[in-house]
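# Architecture and fold: a report
Single-letter residue listing:
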Amino acid sequence: MTDEHHADRRSFLRTSAIAGTALVAGASAMAQQVAAETDASNRPLNKGDIAILRLLAAVELIESDLWLQYAELGGVQDSELPGLTGGSAAYTAALNVLDGDMSQYIHDNTEDEFSHAAFINAYLVSKGEKPVDLDKFRTLKGSQATGANKTKLRLTNLMRLKVDTSWWTRYRSRANNPDLDPTFVFPQAVPSLFAGQFPAIPRTDADLTPQNHIQAIANTAAFHFGFIEQGGSSLYPTLAQRVTHPQVLRILLSIGPTETSHFQTWHDKAGNGVSVPVAPLTDGSLVFPNLNGPPFGGEDFQTNLIMPEPCPFLSRKFPAVSIIRPTSIETFGAVATIKAFTADGLFIGQTDAFFDLVGRLAREADEATRKCDSD
């Protein structure tokens, strides 16, 4: 055998030995990671993590209830959601003026919220904790329009909403962030929608005409979609900062971005209700202006700006950055979320016992304190 062949063989053996060592080290690291994750999954939940999960389960049940009402009347009608009876042709048509895929989006958003509620409750049960059950509070009469499940009682009221549309300008603002500027008042995109109580679904078939009226109801729904989902978009990262258990953190970091995905979708669709050719639109005291024309216009109102503009974050000594906003307990924690839902008119007609329960769940979630293994 030549010296060259001996050299090649020695080189091959050295390379194989190094590769083998690397594989063993990699396998060892992987085994340690699996063991750590197994240990984490078996670790009991602390009081704060339980409180956060119970609050989120309640919020997802509330969202499932309101989204099902939208899906019954304006979503794709199939067997994937419970109790659909055919929908409302006039309401669906008005929604589809804003985007031809609105019915599919409504259906999918509804299905997502049902999956979130079911998963979080199932996870609580897997840890020996009681799931959240709000069924005894399903006492509110829903829409009586054709397409609605008229006998089904609800948790939420979509027929007397005061929709806060300031999320529109908050996400466009380059100068202000509610976490740094809690007293700053962000302008309303649709001031009249925040000034009264309006239906976001047809209450009866009398709401299906005239055309301006049913279109105004559909436009109200579109802005309400954005209002609801920006709440979830902020709530998950806010509460994630208080989580201790690594698996609970993974749950919040995995569900939260789907809420943000929903929000950006509805942000886009709402813009079609305040631009040509739909706007300007007037229905009694409710006015949907053309936000691309005077006296509006500019980045704070421009309807094709649906991505968060960079703004101050943590401190103004840092450069502006595009972020979810707000993400502090004080400005949009659990208590703030329930207060916003209440101010929205979502719980009109609910009992004191309901407010006591969701208020307590919210306070306990906000009181959760992150504790690390070394604490």
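Everything numeric here is computed off the predicted structure, so don't read it as measured data.

Here we take up the nonpolar core. Of all hydrophobic cores here, the largest spans 92 residues; its most connected members are L55, Y70, F223 and L252. If we ignore the near neighbours within four places in the chain, the residues touching L252 are I52, L53, L56, Y236, L239, A240, V243 and P257.

Moving on, we come to the layout of surface pockets. There is about 560 Å³ of room inside the largest pocket. Forming the boundary of the largest pocket are 23 residues, of which D164, S166, R170, T331 and F332 lie nearest the centre. Secondary structure elements with two or more residues in the lining of the largest pocket: α6 (211–240), α8 (329–332) and α9 (334–343). No other element matches α9, which puts four residues into the lining of the largest pocket. Classifying every residue of the lining of the largest pocket by side-chain character gives twelve nonpolar, five polar and six charged.

Bringing unusual backbone geometry into the picture now. Cis geometry is adopted by the peptide bond preceding P277, which originates at V276 and carries an omega value of 10°. Turning to its location among the elements, P277 is positioned in the loop between α7 (246–271) and β3 (281–283). In this structure, the amide linkage connecting R325 to the following residue, P326, adopts the cis form with an omega of -5°. Tracing the backbone shows P326 in the loop between β4 (286–288) and α8. In the Ramachandran plot, L314 falls in the positive-phi region, its phi being about 70° despite a non-glycine side chain. Structurally, L314 can be placed in the loop between β4 and α8.

Next up on the list: the packing of aromatic side chains. As enumerated under the stated definition, the model contains 20 aromatic pairs in all. Considering the side-chain rings of F137 and F354, the 5.5 Å spacing of their centres and the 70° angle between planes classify their relative orientation as edge-to-face. With F137 in the loop between α4 (102–126) and β1 (140–141) and F354 in helix α10 (residues 352–366), the pair connects residues that are 217 residues apart, well separated along the chain. Exposure class is identical for F137 and F354. Each is buried. One aromatic cluster is present, formed by F137, F227, F341, F347, F354 and F355 through successive ring pairs.

Cut-offs and rules
- Residues numbered from 1 in each chain as written.
- Predicted model: local features only at pLDDT ≥ 70, side-chain atom pairs only at ≥ 80, totals over all residues.
- Heavy atoms only, no water.
- Core = buried A, V, L, I, M, F, W, Y, C linked by side-chain atoms within 4.5 Å.
- Buried < 20%, exposed > 50% of the residue type's maximum accessible area, 1.4 Å probe, protein only.
- Contact = heavy atoms within 4.5 Å.
- 1 Å grid on protein atoms, 1.4 Å probe; cavity = no way out; pocket = protein on both sides within 12 Å on 5 of 7 lines; lining within 4 Å.
- Points joined across faces, edges and corners; volume = space filled by probe spheres on them.
- Helix = DSSP H or I, 4+ residues; strand = E, 2+ residues; numbered from the N terminus.
- Nonpolar A, V, L, I, M, F, W, Y, C, P; charged D, E, K, R; others polar.
- Phe/Tyr/Trp six-rings, centres within 6.5 Å; stacked < 30°, edge-to-face > 60°.

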